[in-house]
Amino acid sequence: MKGLAPLFLGIFGTFAFSWIGLTVIPTWQIGHLNPESDEEGTDIYPRPQSGMFERGGHVYAANGCVYCHSQQVRADYIADDIERKWGNRRSAPRDYIFERPVFLGKMRMGQDLANIGARAPAPEESPAPTGAASPAAQGAAVSSPPAEAAAKTAKASPPPSQAASPAPATSPATAPPASPASSPATAPAGTSPASTAPPNASPPPGQRTGVASPSPGQMANTTPGGSSPAAPSAQTPGAPWPIQTAGLPPIYSAAWHHVHLYAPRSINPDSNMPAYRFLYEKRRIAGERSAEALQLSGSDAPPEGWEVVPTYDAKCVVAYLMGLNQSHPLKDVRSVGGAPATAGAPSPAVQGASPAPAAGGSPAAAKK
Amino acid sequence: MNTTGIPLKDPAVSAAAGDTEQLERAYIDASTRVPVLMFYTSAIAWLIVGTVLAMVVSFKLHSPDLLSGISFLTWGRLRPAHMNVMVYGWASMAGMGTAVWLMARLCRATLRFPLLLAAGAAFWNVGVLIGVGAILLGDSTGFQWLEFPRYVAVILFVAYTLMASWAVLMFRHRRGDQIYITQWYLLGAFLWFPWLYAAGQLMLFVVPVQGVLQSAVTWWYANNLLFLWFGAIALGTAYYMIPKVIGRPVYSYHLATIGFWTYALFSSWTGMTRLVDGPFPAWMITASIAATILTMIPVATVGLNHHLTMKGYFPLLRYSPTLRFTVFGAMSYTVFSVLGVLISLRSVASYVNFTQVSIAYTHLGLYAFFTMTIFGSMYYIVPRLVGREWRYGSLIKLHFWASAYGIGLMTLMLLAGGFLQGANLENPTLPFSESIETVLPYLRGRSLAGILMTVAHFIFAYHFGLMLLGLGRTSTVPTFLNPVEAETSGGH
């Protein structure tokens, strides 16, 4: 090659082209998004997150959660993320504007977490009387995921006692936002042992078989003699998830996350997640058992007179997980199926937007 | 020429001129001795650390209770530690060692300012050490290949500035007008890296971009590091080693020019293929997919050029360790790029995007392509630095086969497992756990492949250690993989 100038210019030019093209122009295009609000300016999404959420994000980063969990829901015409109940619409750039760092993720050795907070039980659920199952819909609950689950459950030999203890099905109003078809047909799935889905299989709404927790932000009532006696009885070794949770907190509640982080395989025997015990403190019970103590059972349970409590980092990472919620509709993204009715998302607005005939002209659809 | 008809010596060099040139080369080689050996020794030490970490990471992935419960041994910390040790400890240092040596030789000047390089290498080692410690202690940033915290980035950047300024100074003191192909790639790598690293750090940590753009910057960075830093060094090395060993000029300069510029232009745009179907404007991803398809142009031209250079000389692969490793690397470049095109296509990406296939892709690039090429260059360069020949041809052979079978098995396992995992992920009638259970046996197979590669690396480190201690063979004949029937002399 003759001449240095062309070489150096070329080296700089090609790289500048890539740098400007893939980072500078996108920053100019989508790098300064604002939250959306409705006409009155009251229903603002997304909102800035709490300090605990932010710190939890760093705990999430430090412990490498991102190497197994993605946080992005792909559109329904591309992939089956939505069918897996990982969200009710595709993720959009606007969903992430207050997150730093953002963890879109590149691997799914674990489930997608984009809406893990939305899949938590709503706080309103807690006062719901136990055993408020709606038997009317029970017979209809034979869709494909539960059927698959049935096979799985059968494989793991469920004790028949499950049927005897009808878990409280959530009412349709508190159905998780992640389920597009929050029809009553699938809602009470959890009440029948034959149709309970395994934990990994994008649980249908009714799967929250556990005793309702006070609130997502709080631990379930675990004073001695409270719900703890229920746990051992339900702990059949090797039993599938719904049975094990009988005495445990509802799925994706804060208490559930703590138990899952501390002992993943106590909740789901098939789980491939490492235990994060170093985020928890095992200590002697001083006086009263702490309200924060984890409801553990079996070999994971601390010895008599001891308890396992979350450290501040553990509380933050759970706050982070509970805050991951993209169920709120966005104007330019088509939501699929039923309306999310969670703690955070006001349902009336959602109901109007969800069928989304307006999506035809939206940028998201235009991209296709 | 020997009786086998294989030219094992540079035939272009006539006796008188050859003596002067050989003397000159020997002087240049001697001047690079301390800095290059410093880079190589650090790199191989990091390689061993990274290999051990890799084994633990691989086993923990299918046996999650192994060594769990200890914060700094948790999988999510060991994995970035492994990646960063390999990327910044092993690959970058080994690549820089080779690049320094090539630069000195191709500038036809004895190495000046060795202190710049020594200081750079020392700072770099300190940076990687602190960075890996920080990751294990829970101070990772969580961005792929940029996990080192900010204070480490500063150290690395200082170290890098020292080395890059050396390269520029060295280039200014070159003799002769001709700038060889290898130098294009090396100059490119030396100039691209600081821009890339600075842009990544600035846009993620100093003045962070908003929302999903952080992911865009991360993957833009990671892919460019793979192509424009490691890839450029490896291609430059191959352009030097293959003609050198077989004693024949590169087939076509014209093809090489096309290959270089299309490589620089297209491969730098491929980053977004890791985020197909993600929450981005569609044009970004489409542009990256198009660029990935266009990388077939440099692949074809570079591959063709190497092939036509090698034509008729393939039997030499039986003897020369350098050639065997380098040709393996050059061929892997084609495989790596073709796989890159395949998995970037939207229809395929929707299946494999979140599976082990992306791990296979990265390892093909960083190991089968880059690392094997660099191994080849080390087998050529180290004897010229220590004045001894490699002691055991059998160990080199073992190293090659363990590495080659290791990376081959690993790629196959991860590809097969990843495709099945993706197929199950995209089948909503199956529970999610099914996709994990499908891939677990393949991950165990990957661990097996990892054992092979571990063996290879320990053998290589041992052999390199012998060379460092001056325990190599004193001979004018290089160590061949298989005995050459007739007495030969000269370069290998």
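Visitor: What exactly am I supposed to notice about the overall build of chain B here?
Guide: Check the secondary structure of chain B and you find 15 helices and 0 strands. Computed over its C-alpha atoms, the radius of gyration of chain B comes to 22 Å, within 12% of the 23 Å expected for a compact globule of 492 residues. Across the 492 residues in chain B, those meeting the buried criterion constitute 65%. Of the contacts made within chain B by residues no fewer than 6 positions apart, 84% connect residues no fewer than 24 positions apart. If you sum the accessible surface of chain B, you get close to 16000 Å²; carbon and sulfur atoms cover 70% of it. In chain B, the 27 positive side-chain charges and the 16 negative ones have mean positions that sit 6 Å from each other.

Visitor: Explain the overall build of chain A to me, please; I cannot follow it from the model alone.
Guide: On a plain count of helices and strands, chain A comes out with 11 helices and 2 strands. Buried residues in chain A amount to 58% of all 368 residues. Across chain A, contacts joining residues at least 24 apart in sequence account for 70% of those joining residues at least 6 apart. A total of about 14400 Å² of accessible surface is found on chain A, and carbon and sulfur atoms cover 61% of it.

Visitor: For this particular structure, what's the right way to read the nonpolar core?
Guide: A general trend in soluble globular proteins is that nonpolar side chains are found buried together. Residue and element names in this part refer to chain B. Counting residues in each nonpolar core, the largest one holds 221 residues, and the members touching the most others are Y88, W90, W124, W145, Y221, L225 and M378. Of the residues forming this core, the biggest block, 24 residues, is contributed by helix α7 (residues 213–246). Residues contacting Y88, with those up to four places away along its chain left out, are M93, W124, V128, W145, L146, F148, L156, Y197, Y221 and L225.

Visitor: So what exactly am I meant to see when it comes to the interface of chain B and chain A here?
Guide: How big an interface is tends to be stated in terms of the accessible area lost upon association of its parts. Taken together, the contact pairs 95 residues of chain B with 77 residues of chain A. Of the roughly 7400 Å² buried at the junction of chain B and chain A (both faces included), carbon and sulfur atoms supply 66%. Here chain B is connected to chain A by 2 salt bridges. With a shortest N-O distance of 2.7 Å, D65 of chain B and R265 of chain A are connected by a salt bridge. The interface formed by chain B and chain A includes 23 residue pairs in polar contact (both at pLDDT 80 or more). Of all the elements, helix α6 (residues 181–206) of chain B adds the most residues to the side of chain B that touches chain A, at 10 residues.

Visitor: Just to check I follow, could you spell out the side chain of S377 of chain B for this structure?
Guide: Structurally, S377 of chain B can be placed in helix α13 (residues 357–386). Those residues in contact with S377 of chain B, other than ones at most four positions away along the chain, are Y40, T98, T237 and M241 of chain B.

Visitor: Please explain the packing of aromatic side chains as it appears in this structure.
Guide: The geometry of two aromatic rings is summed up by the distance between their centres and the angle between their planes. Residue and element names in this part refer to chain B. For the structure shown, the criterion picks out 57 aromatic pairs over all chains. Considering the side-chain rings of W90 and F375, the 5.4 Å spacing of their centres and the 40° angle between planes classify their relative orientation as tilted. Of this pair, W90 sits in helix α3 (residues 75–106) while F375 sits in helix α13, and the two are 285 residues apart along the sequence. Taken as a pair, W90 and F375 share a single burial class, namely buried. For the pair W401 and Y405, a centre-to-centre distance of 5.8 Å together with 35° between the ring planes defines the contact as tilted. Linking W401 with Y405, this pair stays in helix α14 (residues 393–425), spanning 4 residues, or about one helical turn. Of the residues examined, W401 reaches a relative accessible area of 40% and is grouped as partly exposed.

Visitor: Explain empty space enclosed by the protein to me, please; I cannot follow it from the model alone.
Guide: A probe matching the size of a water molecule, rolled over the atoms, marks out where space remains unfilled. Scanning the model with the defined rule gives 7 cavities of 30 Å³ or more in all. In this structure, the largest cavity spans a volume of roughly 830 Å³. Considering the residues around the largest cavity, the lining is formed by 48 residues, among which R79, H82, M83, I359 and H363 of chain B are closest to the centre. Taken together, the elements giving at least two residues each to the lining of the largest cavity come down to α2 (33–62), α3, α7, α13 and α15 (432–468) of chain B. When residues of the lining of the largest cavity are assigned to their parent elements, the largest contribution, 8 residues, is made by α3 of chain B. Empty space within the second largest cavity amounts to approximately 630 Å³. Taken together, 36 residues form the lining of the second largest cavity, with H69, G110, Q111, H260 and M273 of chain A sitting closest to its centre. Every element with two or more residues in the lining of the second largest cavity is listed here: α2 (51–62), α7 (254–262) and α9 (312–323) of chain A together with α2 and α15 of chain B. Top contributing element to the lining of the second largest cavity by residue count: α7 of chain A, with 4 residues. When its residues are assigned to classes, the lining of the second largest cavity shows 23 nonpolar, 11 polar and 2 charged.

Visitor: Which parts of the structure should I look at to understand unusual backbone geometry?
Guide: Note on backbone geometry: most residues besides glycine have negative phi, and most peptide bonds are trans. Residues and elements named next belong to chain A. Geometrically, the link from Y45 to P46 is a cis peptide bond, its omega value of -10° lying close to zero. Relative to the helices and strands, P46 resides in the loop between α1 (4–30) and α2. Of note, the amide linkage connecting R100 to P101 takes the cis form, showing an omega dihedral of 0°. Counting through the fold element by element, P101 comes out in the loop between α2 and α3 (144–155). The backbone of K85 sits at a positive phi, close to 70°, despite the residue not being glycine. Within the secondary structure, K85 sits in the loop between α2 and α3. Taking relative accessible area as the criterion, K85 reaches 18% and is therefore assigned buried.

Visitor: Help me out: how do you make sense of the pattern of salt bridges in this one?
Guide: Think of it this way: side chains of opposite charge can pair up when their charged atoms draw near. All names here are of chain A. One pass over the structure, following the stated rule, counts 17 salt bridges over all chains. Its salt-bridge partner being D300, residue R277 comes within 2.8 Å of it at the nearest N-O pair. Of the two residues, R277 is situated in the loop between α8 (264–267) and β1 (280–284) and D300 in the loop between β1 and β2 (306–310); the sequence distance between them amounts to 23 residues. Using a relative accessible area of 16% as the deciding quantity, one classes D300 as buried. As a salt-bridge pair, E292 and K315 come within 2.7 Å of each other at their nearest N and O atoms. Of the two residues, E292 sits in the loop between β1 and β2 while K315 sits in helix α9, which places them 23 residues apart along the sequence. The exposure class assigned to E292 is partly exposed, which follows from its relative accessible area of 29%. When its relative accessible area of 26% is taken as the criterion, K315 is described as partly exposed.

Visitor: Help me out: how do you make sense of the packing of helix α10 (residues 296–310) of chain B against helix α11 (residues 321–344) of chain B in this one?
Guide: All names here are of chain B. It is at 10 Å that the axes of α10 and α11 come closest, and there the two elements cross at 155°. When the interaxial angle is binned, α10 and α11 end up roughly antiparallel. Between α10 and α11 lies a crossing of left-handed hand. Residues M296, P298, V299, V302, H306 and M310 of α10 form the contact with α11, whose own contacting residues are L323, V327, A330, Y333, T334, S337, V338 and V341.

Visitor: What is the right way to read α13 of chain B from this model?
Guide: In an α-helix, one full turn covers 3.6 residues, which means residues spaced three or four apart are oriented alike. All names here are of chain B. Helix length check: α13, at 30 residues, gives a terminal C-alpha distance of 41 Å against a target of 44 Å (1.5 Å per residue), a fit within 8%. At L364, α13 shows its strongest bend, of approximately 35°. Among the 30 residues of α13, 28 are classified as buried, and the element is accordingly described as predominantly covered. Phi for G387, located one or two positions after α13, is positive at around 70°.

Visitor: Would you mind going over the packing of α7 of chain B against α10 of chain B with me for this structure?
Guide: If you want to describe how two helices pack, look at the angle between their axes and the distance between the axes. All names here are of chain B. Packing of α7 against α10 leaves a shortest axis separation of 10 Å and a crossing angle of 15°. In terms of axis orientation, α7 runs roughly parallel to α10. The handedness of the crossing between α7 and α10 is left-handed. Within the contact between the two elements, α7 uses L235, A238, Y239, I242, P243 and I246 and α10 uses V302, N305, H306, T309 and M310.

Visitor: Would you take a moment to explain the confidence of the model for chain B for this structure?
Guide: The predicted coordinates of low-pLDDT regions are not to be read in fine detail. Residues and elements named next belong to chain B. Here chain B averages 91 in pLDDT, while 95% of its residues score no lower than 70. Here residues 1–14 is modelled with pLDDT under 50, and outside its nearest four sequence neighbours on either side it reaches 30 contacts, counting other chains as well. In the model, residues 486–492 has pLDDT below 50 throughout and makes 28 contacts with residues more than four positions away in sequence or in other chains.

Visitor: Help me understand the environment of F280 of chain B, please; the structure alone is not making it clear to me.
Guide: All names here are of chain B. With respect to the helices and strands, the residue F280 is situated in the loop between α8 (253–267) and α9 (282–294). For F280, a relative accessible area of 1% corresponds to the buried category. The sequence separation of F280 and A216 amounts to 64 residues, and the corresponding C-alpha distance is 8.6 Å.

Cut-offs and rules
- Residues numbered from 1 in each chain as written.
- Chains lettered and ligands numbered in written order.
- Predicted model: local features only at pLDDT ≥ 70, side-chain atom pairs only at ≥ 80, totals over all residues.
- Heavy atoms only, no water.
- Helix = DSSP H or I, 4+ residues; strand = E, 2+ residues; numbered from the N terminus.
- Rg over C-alpha atoms; globule rule 2.2 N^0.38 Å.
- Buried < 20%, exposed > 50% of the residue type's maximum accessible area, 1.4 Å probe, protein only.
- Contact = heavy atoms within 4.5 Å.
- Areas by Shrake-Rupley, 256 points an atom, 1.4 Å probe, with all protein chains shown as cover.
- Lys, Arg positive; Asp, Glu negative; His and termini not counted.
- Charge placed at Lys NZ, Arg CZ, Asp CG, Glu CD.
- Core = buried A, V, L, I, M, F, W, Y, C linked by side-chain atoms within 4.5 Å.
- Buried area = accessible area lost by both parts, 1.4 Å probe.
- Salt bridge = Lys/Arg side-chain N within 4 Å of Asp/Glu carboxyl O.
- Polar contact = N/O pair within 3.5 Å; in protein donor to acceptor, adjacent residues only side chain to side chain.
- Phe/Tyr/Trp six-rings, centres within 6.5 Å; stacked < 30°, edge-to-face > 60°.
- 1 Å grid on protein atoms, 1.4 Å probe; cavity = no way out; pocket = protein on both sides within 12 Å on 5 of 7 lines; lining within 4 Å.
- Points joined across faces, edges and corners; volume = space filled by probe spheres on them.
- Nonpolar A, V, L, I, M, F, W, Y, C, P; charged D, E, K, R; others polar.
- Axes fitted to C-alpha atoms, helices over the stretch in contact; angles between N-to-C directions.
- Parallel < 35°, antiparallel > 145°, perpendicular 65-115°, else oblique.
- Left-handed = near helix turned anticlockwise from the far one by under 90°.
- Expected span 1.5 Å × (residues − 1).
- Bend = angle between axes of the 7 residues up to and from the residue.
- pLDDT = per-residue confidence, 0-100.

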